[in-house]
Structures are given as C-alpha cells and as structure tokens.
Amino acid sequence: MAGPTTTAEPEDRQAWAALWALVIGFFMILVDSTIVTTAMPAIMTGLDTGVSGVVWVHSSYLLAFVVPLLITGRMGDRFGPKNLYLIGLAVFTLASLWCGLATDLGSLVAARVAQGFGAAIMTPQSMTFITRLFPAHRRGAAMGIWGAAGGIAALTGPLLGGVLTDSLGWEWIFFVNVPIGAIAFWRVVAAVPALPTHARRFDIPGVVLSAVGIFLIVFGVQEAETFDWGPVIGWFGIWHMIVAGVLVMIAFVLVQRFTRTEPLLPLGLFADRNFALATSAIACMGLVITTLNIPIMFYLQSVRGLTPTQAALLIAPMALFGALLAKYAGARVNRRDPRGQSALGFFGFGVTIIAYGLLLPAQPPLLWLLLPAALMGASSAFVWPAVSLTATRDLGPANAGAGSGVYNATRQIGAVLGSAMMAVLIEARIAAHVDASGTQASAAGGLSDVMAGHVPELIRSATSWGLGEALLLPGAVALLGGALSLGFRRSAHHLESEPDVLDSRP
C-alpha cells in the first residue's frame, strides 16, 4: 500500500495523511468483527457460559454496528465527519476497556453493544472523507487502501485473536484496542481536516422507521436459532419479528419516496446502476468475509486439534496476500474497468472457497491448506477497491454521507445475516451426516460440542463433511457477487483525465 510521493501536491499529501490516520481506527473496528471467533471457547470457560451466551458476545456487536449506520452517515454530513469520527472512536476505545474488565456475560455483552455503536458512528465517516478529499482519478488507490484495510482486518481478526488468547488471555483481544485507539485519536486530530458541513433537517420519521425496521429484521434472523424460531415475548415470535421488520422497512421506503425536504435515504442513489449493484455486491462480500472463517476455525481446532494460534497461522496467508496485493489492486482499478477486476476477484474467491470446503472431508495434510488460503487472500484484494470505487465514483459531496451509510449498512447486514445462516447450516449439515452414519444423536452433540472443541472420534468424519459443506455458502455467495459485478458500467468520466483538484477542500 502506498501513500503520496515526494512530488505530490500539498492537497494530495494532506489527503493521504488523513487517509492513513483514518485507516488505523477503521482497521481496528473491523478486526473486532471477527476477533472473537477464535476466543469463543476461552470466553465460555472464563465466564462460565454456554454456546448461546458466547454467540451473543459476537452477535451483539454486529447488531449494534449495523442498526445505526444509515443515521450516522447522514449525521456526518450535518455535524462534520471529523467530529463524528472522533466521538465514535472515543466510545469504541472506552468500550474496549470495559470489555476487557468485564467479569460476567451481561457486562461483556453490554460493553460489546457500546463497541458496536462506536463503530457505527465511525465507519461511514472514513468513506465520506475519501469521496470528498480525493479526485476521481486518485480515488481508486485510496479506495484500494480503505477496502484492503477492511478485508485484511476481517481476515486478521482470527489470527490476532488466537495469538492473544493463547499468550495473554481472552481479555487482551479487547485491551489491545486501548493504545491503538489512543494513537488513532491523536492522528485524526492532527492530520484529518474539518470538512465543510451541509445544513440539513433531520428526517425524524425516517430515522425511527429505519432503526426499528433494521433492528427487527437483523435481530429476528440473527437470534432465530436461539429462540428455536418460536416466541420471543409472549406470543410475539421470530417470524412475527421478521415480517414486522419487512413491513416497517416498506413503510420507510414509502416515507422516503414522499418526503419533500431531505430524506434520510435519497432513493435517487439507486437510480445509478453502479451504486445499486455495488451495494448489493458488497453485501455479498460482507457475508463471505464474516462466515468464511467460522467453519474453518472450528475444523482446525475441533477436528484437527490445533491451538487457536496454530489454527490462525494456517489462515494467515489470506491476510498476507491481501496486504501484498492491495497496492497493485488499488492502482490498477484506476486504469482498468472495475467490472473485470471485481468479477475476477469474486469468481476466484468463490471457486477457491468451494475447493477448500471439498478438501476438508479428505483430512488433507495441514500444509496443503496454505495454498487455498493464499488464493483467497489474493482474490479478495481485487474485490474491495473495485466495488468501493464503483459505488462512490459518481456520488457528489452532498450525497457522500448518505451513500457511505447505505454502502456500509448493506455490508454489515450481509455480515449479520451470514453469521446467522452459517450457524444454522453448520448445525444442520453435521446433524445430517451424523444421522447418515447411524451414530446416536447423543454422541454427536452438534454445534455446541464443535464450538467447545469436543468432537469425539466417532463423529469426526461427519463433522468434517458438515463443516466442508457449510463453506459452500460463502463460496456460492462470492460467485453471486461476481455475477453482480458483471453488470457494472464504466463511468462516463474518464478517471485519468479529470483535473487534479480536491472535490471539497477544508
């Protein structure tokens, strides 16, 4: 990844310095989306809780992250993206300290909710800065770094979580954020400009409807298995919650359609085919990145008997090759049609994930798994800058906040829905193979035993098959992302011919 050269204009140097300052915090909050995965067994032991409890430690963060994203994107337009970013960073950092000090499950879940809310305040602002600080012909490289940071963070989370859990204890997967957050705060104050704000009226009905609708849908899907698709409060069950959420979101769209002032979600954004397809594609990527490592880490630890650190090292090539190719992929997207680059990345990612899943039942030598891990990391590096640039390329400064809010919300919704689907799929596929083998159900234990690291020899083969087949989900969704990418159109603006000026200077 590269910053400005020594011959760059002052505005370029300022934009790159701001980007690097923002990337520190952005990387940190996305690491926390996946870092808990490898620490789950340790948290279960340390807090004396079960599977449903420890899943809440993961899902509460994602839920609090996704619900406010539409709102916080618009708030950056109104109050200034720098101010919102710093507030979110402070909330996230203090909540990380709270997480590490938690002595019971309830306190840890509450702290994770606070973390997620801080992340939701921060995330749209970093993308807004890129859209407003970088001219179109330089935005691809900037989006390459921003997108690669997100992808590498998601892939690095399990590795970092394994090392910290094994060496210092699960609390340190949260404590490590405190010094990093302090450094990020200092760099943002020093290097990020205060961009002009846009005087806006808040669409209060839109705020309420979007928050309620997203919460009902995401909570319903995410917690369906916890409540066994049954009642949540009295007669009000999971299906009621999901249907109610869909109806509320339909009402939200209608309100946005007929709001005459400034809607929370300008529906005109979706008239741009690139924006509509790119937000759909990034939802696919959010699902793939979040779900990919769950069956892999369970397989490596529970079936093959590796420690969290050893398991994380076997997927380290994903993060390594993603980082190595980020600079090339970001620079290339400015010179070539993003459609081809995004499709290449998605299709390569999907095919490799499926191949990885097919390898697991064969119990291959562990070193064999390094190659597909490297190919997955390399493929993902091509996706992030191409999709991010395609989504934001034609957004003006006035729509930067709304557009980045929608883009990030769809990515996180994909992540949350993917987590819920993966839990169901792992349970179902392991149970199916256990039943097919004629093993008694009591010997299997299902997902609970897999997560706790207790897979008896009797069902090891069935578990391997179930986890391998679970990887077909992210593999298929990655292929869908590739198909969506083929629909991108080339911008009417030639990226390399636009003037070297900032869209909005401080």
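Residues numbered from 1 in each chain as written. Predicted model: local features only at pLDDT ≥ 70, side-chain atom pairs only at ≥ 80, totals over all residues. Heavy atoms only, no water.

In the annotation of an unreviewed UniProt entry, the protein chain is listed under the name EmrB/QacA subfamily drug resistance transporter and assigned to Zhihengliuella halotolerans. UniProt, in its Subcellular location (unreviewed entry) section for the protein chain, records the words "Cell membrane". (UniProt positions renumbered as here; feature names shortened; annotations may be inferred.)

Visitor: What is the right way to read the packing of helix H12 (residues 273–303) against helix H21 (residues 472–485) from this model?
Guide: Working note: a packed helix pair is described by the angle between its axes plus the distance between those axes. Where H12 meets H21, the axes come as close as 9 Å, and the angle between the chain directions of the two elements is 160 degrees. Between H12 and H21, the angle falls in the class roughly antiparallel. Relative to H21, H12 is oriented so that their crossing is left-handed. Residue-level contacts link Leu 277, Ser 280, Ala 281, Cys 284, Leu 287, Val 288, Thr 291 and Leu 292 of H12 to Leu 473, Pro 474, Val 477, Ala 478, Leu 480, Gly 481 and Leu 484 of H21. Partitioned by chemical class, the residues of the contact of H12 with H21 number twelve nonpolar, three polar and no charged. (Axes fitted to C-alpha atoms, helices over the stretch in contact; angles between N-to-C directions. Helix = DSSP H or I, 4+ residues; strand = E, 2+ residues; numbered from the N terminus. Parallel < 35°, antiparallel > 145°, perpendicular 65-115°, else oblique. Left-handed = near helix turned anticlockwise from the far one by under 90°. Contact = heavy atoms within 4.5 Å. Nonpolar A, V, L, I, M, F, W, Y, C, P; charged D, E, K, R; others polar.)

Visitor: Is there a simple way to think about the pattern of salt bridges in this case?
Guide: Opposite charge on two side chains permits pairing when their charged atoms draw close. Enumeration over the complete set of coordinates arrives at three salt bridges. Between Arg 112 and Asp 32 there is a salt bridge; the shortest N-O distance is 3.4 Å. With a gap of 80 residues between them, Arg 112 in helix H6 (residues 105–133) and Asp 32 in the loop between helix H1 (10–31) and helix H2 (36–46) connect regions that are remote in the sequence. Overall, Asp 32 belongs to the buried group, its relative accessible area being 0%. Note that Arg 429 is salt-bridged to Glu 469, the shortest N-O span being 2.7 Å. In this pair, Arg 429 is assigned in helix H17 (residues 400–437) and Glu 469 in helix H20 (residues 460–470), connecting sequence segments 40 residues apart. (Salt bridge = Lys/Arg side-chain N within 4 Å of Asp/Glu carboxyl O. Buried < 20%, exposed > 50% of the residue type's maximum accessible area, 1.4 Å probe, protein only.)

Visitor: Looking at this model, I keep getting lost on helix H4 (residues 69–79). Mind explaining?
Guide: A turn of α-helix holds 3.6 residues, and therefore any two residues three or four places apart point the same way. With eight of eleven residues buried, H4 is to be regarded as a mostly interior element. By the burial criterion, the buried members of H4 are Leu 69, Leu 70, Ile 71, Thr 72, Gly 73, Arg 74, Gly 76 and Asp 77. Backbone geometry just after H4 places Gly 80 at a positive phi near 100 degrees.

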